[in-house]
Amino acid sequence: MSLDPLSDTLSALADPTRRAILARLARGEATVNELAEPFAMSLPAVSKHLKVLERAKLISRGRTAQWRPCRLEPEPLQKLDSWLEEYRDLWEHRFDRLETYLETIKHDADKKGDDHE
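Every residue gets a number counted from 1 within its own chain, in the order that chain's sequence is written. Totals for whole chains, interfaces and linings use every residue, but because this is a predicted model, local features are given only for residues with pLDDT of at least 70 and side-chain atom pairs only at 80 or more, for both listing and counting. Neither water nor hydrogens contribute to the side-chain values; these are computed over all heavy atoms in the structure.

In this structure, the largest pocket encloses a volume near 200 Å³. Every definition here rests on a 1 Å grid over the protein atoms only: cavities are sets of points where a 1.4 Å probe fits but cannot get out, pockets are open sets enclosed by protein on both sides within 12 Å along at least five of seven lines, and lining residues have some atom within 4 Å of a point. Lining the largest pocket we find 10 residues, and of these Pro 5, Thr 9, Ala 56, Pro 76 and Lys 79 sit closest to its centre. Listing elements by their share of the lining of the largest pocket, those giving two or more residues are helix H1 (5–13) and helix H5 (75–115). Considering only residue class, the lining of the largest pocket consists of five nonpolar, one polar and four charged. Grid points are joined across faces, edges and corners, and a volume is the space filled by probe spheres set on the points. Helix and strand assignments come from DSSP, with helices taken as H or I runs of at least 4 residues and strands as E runs of at least 2, each series counted from the N terminus. All residues other than Ala, Val, Leu, Ile, Met, Phe, Trp, Tyr, Cys, Pro, Asp, Glu, Lys and Arg, Gly among them, are scored as polar; the first ten of these are nonpolar and the last four charged.

Okay, structure coming up:
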């Protein structure tokens, strides 16, 4: 595991199967068998994906008798969301500036149209 949890999170999220597993776990705990159902892959392959998610601290596994439920751990996703928030603010500001510029162009074009009538 790296010393950079954000990189671990992004690396784990880079795979569509792992994102689908997280989406399923967002609805509640599930066993490996339940998580494997929608995928055309072996249980060991699904287990490898779960290990990646577990190393990134995106999931944890409990133990109740023979049942080992997996559950979503939201903290790494919350940290990712906080990191993305900085860029979200930047892009919203840029889009606001673009909108203002486009309104100016439209206003100028409308004004020129009125001058020719």
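Once the structure has been displayed, the description carries forward.
Moving on: a negative patch on the surface. On the surface, a cluster of negative charge is made up of Glu 86, Asp 89, Glu 92, Asp 96, Glu 99 and Glu 103. Checked against the element boundaries, Glu 103 lands in helix H5. Patches were defined on residues exceeding 30% relative accessible area and lacking a salt bridge, with like-charge contacts within 9 Å and nonpolar side-chain contacts (Val, Leu, Ile, Met, Phe, Trp, Tyr) within 5 Å. Here the open area of atoms and residues is found with the Shrake-Rupley method and a 1.4 Å probe, where only the protein chains shown may cover a residue. A side-chain nitrogen of Lys or Arg and a carboxyl oxygen of Asp or Glu constitute a salt bridge if their distance falls within 4 Å. The charge count includes Lys and Arg as positive and Asp and Glu as negative, but it does not include His or the ends of the chains. Lysine's charge is taken at NZ, arginine's at CZ, aspartate's at CG and glutamate's at CD.

Here we come to helix H4 (residues 43–55). Each helix should span, by expectation, one fewer than its residue count multiplied by 1.5 Å. With 13 residues, H4 should cover 18 Å at 1.5 Å per step; its first-to-last C-alpha distance of 18 Å lies within 8% of that length. Relative accessible area decides the class of each residue, using a 1.4 Å probe on protein chains only: under 20% of the type maximum gives buried, over 50% gives exposed, and in between gives partly exposed. Along H4, the residues that are buried comprise Val 46, His 49, Leu 50 and Leu 53. For H4, the buried positions fall inside an angular range of 100 degrees around the axis, keeping them on one side. Facing away from the buried side of H4 by over 90 degrees, the exposed positions are Pro 44 and Lys 48. The arc in question is the one spanned by the directions pointing from the helix axis to the C-beta atoms.

As a further point, take the side chain of Ser 60. Among the structural elements, Ser 60 can be located in strand E1 (residues 59–61). Within the structure, Ser 60 has its side chain in polar contact with the side chain of Glu 73 (distance 2.4 Å). The criterion used for residue contact is that any of the two residues' heavy atoms lie within 4.5 Å. With sequence-adjacent residues up to four places away left out, Ser 60 is seen in contact with Pro 69, Cys 70, Arg 71 and Glu 73. Polar contacts here mean pairs of N or O atoms no more than 3.5 Å apart (in protein, one a potential hydrogen donor and the other a potential acceptor; neighbouring residues in sequence count only if both atoms are side-chain atoms).

This part takes up H1. Along H1, the positions that sit buried rather than exposed are Asp 8, Thr 9, Ala 12 and Leu 13. Buried residues in H1, looked at end-on, bunch into an arc of 125 degrees, giving them a common side.

Attention now moves to the nonpolar core. The biggest cluster of nonpolar side chains holds 18 residues, and the ones touching the most others in it are Ile 21, Leu 25, Leu 35, Leu 50, Leu 53 and Leu 58. Elements supplying a minimum of two residues to this core: H1, helix H2 (16–25), helix H3 (32–36) and H4. Discounting chain neighbours no more than four positions away, the residues touching Leu 53 are Ala 12, Arg 18, Ile 21, Leu 22, Leu 58 and Ile 59. Residues belong to one nonpolar core when they are buried, are Ala, Val, Leu, Ile, Met, Phe, Trp, Tyr or Cys, and are joined through side-chain atoms within 4.5 Å.

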